[in-house]
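Results of the structural survey
What follows is the residue order along each chain.
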Amino acid sequence: MKKALFKFWDRFPYPLVLSKYSSKLNRHKIESFNKAFLEVFKFPEGIPLKKSLEEIFGDYFKELGMYSLSYREKTYYLVNLPYSLRQTLHVFIEERAWLRFPHWFHTERLASLGKLAGEISHELNNPLGGILLYSNMLKEELGPSHPLQGIIDKIIALTTRCKIISKALLDFGKPERGKKEWINLNDVIMTIYNLVADYQIFKNVNFIFNLDPKLPLFYANPTQMEQVILNIYTNATEAMKGLGEIRTETKVRDDRIIIRIADSGPGIPPEILPFIFDPFFTTKQTGKGTGLGLSICHSIIKRHGGIIKVENLSKGGAAFEIILPLATREALREDVF
Ligand code: ADP
């Protein structure tokens, strides 16, 4: 049975290995593997059946779930799946290849990356705060005409930039739980429009609204929904280099609330389309984008029971569609009582 299974898995393009946990050794011993495993992890000493996975790769195999591990300067996503009571199947997918992989692990990956991001941000915040404090003290001490003022200003500006990135990481890792209330999504959209309309980069953007006046209320955290709209508007405007049109439409379709935001920019190159919701994916210049915007949008919308999609329009431009569930009677009852 196992043999037959592995014959099939031999054609699986990514390395996979079956291990059996030995409680005596507290280690996962390799039981079997597929061709890709040997091809990718070339073992000079031959087939490493006697070794444990921990000895070869480190301690990533202890728990079920998903990890990223480094091996010979490459990063792999490692998925540990239960196979039988004592056996575990470990699938290794190289970082870039992962992005072409079907989306069945996407959420888990986001969750584990989110946790990591939160931890990194936490570690960075205090030292960054210290650098800012001390450079401001130094700036004052030296006085306005000191020749080093320019350099100190640069330190302050760059540290502030790091703090912004760190804050974005924190939001991504631990998105504010936030209180939910019944809100009108048309109002959310108009709040953000009024906020951005005065900014230079939005000055030459023609905003067109087609909002359903009978849009039902939606039970959501208003700040988070605003963050989603702001991020989509900002991305669209940056893609259009500040000149073009953004059409926002709201409607109800098949028991769902739809928000559609289409821009007249260049659209999203098809080769990057599968990656744009991935954390840290950005095409913007270093220092301009964090690559976290859309992945934060994705997790906010998911937390509200919805989905967010994107497509390129035949006439050019990109269109983001947010699909949210209409309030159920249960939710309504819960809220009323
Ligand atoms: P960031 O804005 O920091 O780059 P995002 O996650 O918000 O991170 O966006 C990821 C990438 O998706 C952008 O760098 C850009 O390449 C692409 N993108 C997002 N929205 C649009 C759009 N409306 N038109 C073209 N490209 C877009």
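Residues numbered from 1 in each chain as written. Predicted model: local features only at pLDDT ≥ 70, side-chain atom pairs only at ≥ 80, totals over all residues. Heavy atoms only, no water.

Some remarks on the pairing of strand 10 (residues 256-263)
Counted residue by residue, strand 10 has seven buried out of eight residues, so it is predominantly covered. Here strand 9 (residues 244-253) folds back onto strand 10, and the loop between the two strands holds two residues, one of which, Asp-254, carries a positive phi near 45°. Relative to strand 12 (residues 318-325), strand 10 runs antiparallel, the two sharing seven bridges. The residue of strand 12 that forms the bridge with Ile-259 is Ile-322. (Buried < 20%, exposed > 50% of the residue type's maximum accessible area, 1.4 Å probe, protein only. Helix = DSSP H or I, 4+ residues; strand = E, 2+ residues; numbered from the N terminus. Pairing = 2+ DSSP bridges.)

Quick word on the side chain of Ser-135
Among the structural elements, Ser-135 can be located in helix 5 (residues 106-142). The buried category is assigned to Ser-135, whose relative accessible area is 6%. A distance of 2.4 Å separates a polar atom in the side chain of Ser-135 from the backbone oxygen of Ile-131. Apart from the residues lying within four places of it in its own chain, the contact partners of Ser-135 are Ile-152, Ile-155 and Ile-156. (Polar contact = N/O pair within 3.5 Å; in protein donor to acceptor, adjacent residues only side chain to side chain. Contact = heavy atoms within 4.5 Å.)

Comments concerning the packing of aromatic side chains
Between two aromatic rings, the relevant description is the distance of the centres plus the angle of the planes. For the structure on display, the rule yields 19 aromatic pairs. With centroids separated by 6.4 Å and ring planes inclined at 80°, the aromatic side chains of Phe-277 and Phe-320 adopt a geometry described as edge-to-face. Taken together, the residues span a long stretch of sequence, with Phe-277 in the loop between strand 10 and helix 9 (293-303) and Phe-320 in strand 12 at a distance of 43 residues. For the pair shown, Phe-277 and Phe-320 are each scored as buried. Through successive ring pairs, a cluster of aromatic residues spans Phe-33, Phe-37, Phe-41, Phe-57, Phe-61, Tyr-71, Tyr-76 and Phe-92. (Phe/Tyr/Trp six-rings, centres within 6.5 Å; stacked < 30°, edge-to-face > 60°.)

Some thoughts on the site of the ligand
Of all residues adjacent to the ligand, which total 20 residues, the nearest are Asp-263, Thr-282, Thr-283, Lys-284 and Gly-291. The separation between an oxygen atom of the ligand and a polar side-chain atom of Asn-231 is 3.5 Å. Leu-294 places a main-chain nitrogen or oxygen 2.8 Å from an oxygen atom of the ligand. In isolation the ligand offers 540 Å² of accessible surface; the protein chains occlude 94% of this area. Contributions of two or more residues to the shell around the ligand are made by helix 8 (222-239) and helix 9. (Near = heavy atom within 4 Å. Areas by Shrake-Rupley, 256 points an atom, 1.4 Å probe, with all protein chains shown as cover.)

A short note on the pattern of salt bridges
Under the defined criterion, the tally for this structure stands at seven salt bridges. The partner of Arg-247 in a salt bridge is Glu-245, with the nearest N and O atoms 3.1 Å apart. Arg-253 serves as the salt-bridge partner of Glu-321, at 3.5 Å between the closest nitrogen and oxygen. Highlighted residues: Glu-321 in strand 12 and Arg-253 in strand 9, separated in sequence by 68 residues. Given a relative accessible area of 36%, Arg-253 falls into the partly exposed group. In this structure, a network of salt bridges that share partners links the residues Arg-253, Arg-260, Glu-311 and Glu-321. (Salt bridge = Lys/Arg side-chain N within 4 Å of Asp/Glu carboxyl O.)

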